[in-house]
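Listed here are the chains, written in short residue letters.
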Amino acid sequence: LAAVARTRGTGRVWAIDTFQGTREGGTQYRSIENYDGHTLPAFTDRIERAGVQELVTPLVGLTTEVAKRYAGRPISFLPIDADHSYEGVRADFESWSPHVGPGGIIVFHDYALAEVARFVDQDIPGYKTVFIRPGLAAHNVFAVTKCVSTPITAPPPGSSVPNPKPESVGVV
């Protein structure tokens, strides 16, 4: 994502993570032991080696807590890929979608997982702030677009969606 921001000459990546190997249900990935319990130093090192440290800002904490204090510019591309439980995906969407600008894309990674698909298939159609486009982008990726204004119905197929100049990219 940072490479895209650099190539376009605009944008910023906000990497939101606990950097403690947490996963669903408050458990931890066993591999966290290889990093003395905290992956932020390894993440920072990789970002510096890639030469994109001026474009990437790590925001340490639970995604829903970081969303409460996020004061950056509107997000144009929001990948949701944290807690894969139904409740976690819903909480991330509800916490972060208000920060997505009109025409911004919200991507649900790991759509192949039952709980992610359940939220997307069951709940997303009820939200009036997004419409399902482009939809299923790959077997494991589902994307929706933030409405320019709250529509009563989704725009007709083939209509264009404004594509504002991206300002920020969030990674949840």
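We now turn to the structure provided with this report. (Residues numbered from 1 in each chain as written. Predicted model: local features only at pLDDT ≥ 70, side-chain atom pairs only at ≥ 80, totals over all residues. Heavy atoms only, no water.)

Looking at the overall build of the protein
Secondary structure assignment for the protein yields five helices and seven strands. Reading the helices (α) and strands (β) of the protein from amino to carboxyl end gives α-β-α-β-α-β-α-β-α-β-β-β. Looking at the protein as a whole, 42% of its 172 residues qualify as buried. Considering only residue pairs separated by 6 or more positions, the protein has 67% of its internal contacts joining residues 24 or more positions apart. Counting every atom, the protein has about 9400 Å² of accessible surface; 56% of that belongs to carbon and sulfur. (Helix = DSSP H or I, 4+ residues; strand = E, 2+ residues; numbered from the N terminus. Buried < 20%, exposed > 50% of the residue type's maximum accessible area, 1.4 Å probe, protein only. Contact = heavy atoms within 4.5 Å. Areas by Shrake-Rupley, 256 points an atom, 1.4 Å probe, with all protein chains shown as cover.)

Here's the deal with the packing of aromatic side chains
The description of an aromatic ring pair rests on the distance of the ring centres and on the angle between the ring planes. The tally for this structure, following the rule as stated, stands at 10 aromatic pairs. Pairing Phe-19 with Phe-43 gives two aromatic rings, centres 5.1 Å apart and planes at 55°, and the pair type is tilted. Placement of the pair is Phe-19 in the loop between strand E1 (13-17) and helix H2 (40-49) and Phe-43 in helix H2, with a sequence separation of 24 residues. Exposure remark for Phe-19: the relative accessible area of 4% places this residue in the buried category. Phe-43 sits in the partly exposed class, given a relative accessible area of 21%. Their ring planes at 35° and their centres at 5.9 Å tell us that Phe-93 and Phe-108 sit as a pair that is tilted. With Phe-93 in helix H4 (residues 86-96) and Phe-108 in strand E4 (residues 100-109), this pair connects stretches of sequence that are 15 residues apart. Relative accessible area serves as the criterion here: at 1%, Phe-108 is assigned to the buried category. Sitting above the plane of the Trp-14 ring, Arg-12 keeps its charged end 5.5 Å from the centroid. Between Arg-118 and the ring centre of Tyr-86, over which it is positioned, the NZ or CZ distance is 3.8 Å. (Phe/Tyr/Trp six-rings, centres within 6.5 Å; stacked < 30°, edge-to-face > 60°. Lys NZ or Arg CZ within 6 Å of the ring centre and 35° of its normal.)

Focus: unusual backbone geometry
Of note, the amide linkage connecting Arg-133 to Pro-134 takes the cis form, showing an omega dihedral of 10°. Along the chain, Pro-134 turns up in strand E5 (residues 130-138). Even without being a glycine, Phe-19 presents a positive backbone phi close to 55°. Located in the positive-phi region is Asp-110, a residue other than glycine, with phi close to 65°. For Asp-110, the location among the structural elements is in the loop between E4 and helix H5 (114-122). Residue class for Asp-110 comes out buried when judged on its relative accessible area of 14%.

What about the packing of H4 against H5?
Closest axis-to-axis distance for the H4/H5 pair is 7 Å, and the angle between their directions is 50°. Accordingly, the angle class assigned to the pair H4 and H5 is oblique. As for the relative orientation of H4 and H5, their crossing is right-handed in sense. Across the interface between the two elements, Tyr-86, Val-89, Arg-90 and Phe-93 from H4 touch Glu-115, Val-116, Arg-118, Phe-119 and Gln-122 from H5. The residue inventory of the contact of H4 with H5, partitioned by class, reads five nonpolar, one polar and three charged. (Axes fitted to C-alpha atoms, helices over the stretch in contact; angles between N-to-C directions. Parallel < 35°, antiparallel > 145°, perpendicular 65-115°, else oblique. Left-handed = near helix turned anticlockwise from the far one by under 90°. Nonpolar A, V, L, I, M, F, W, Y, C, P; charged D, E, K, R; others polar.)

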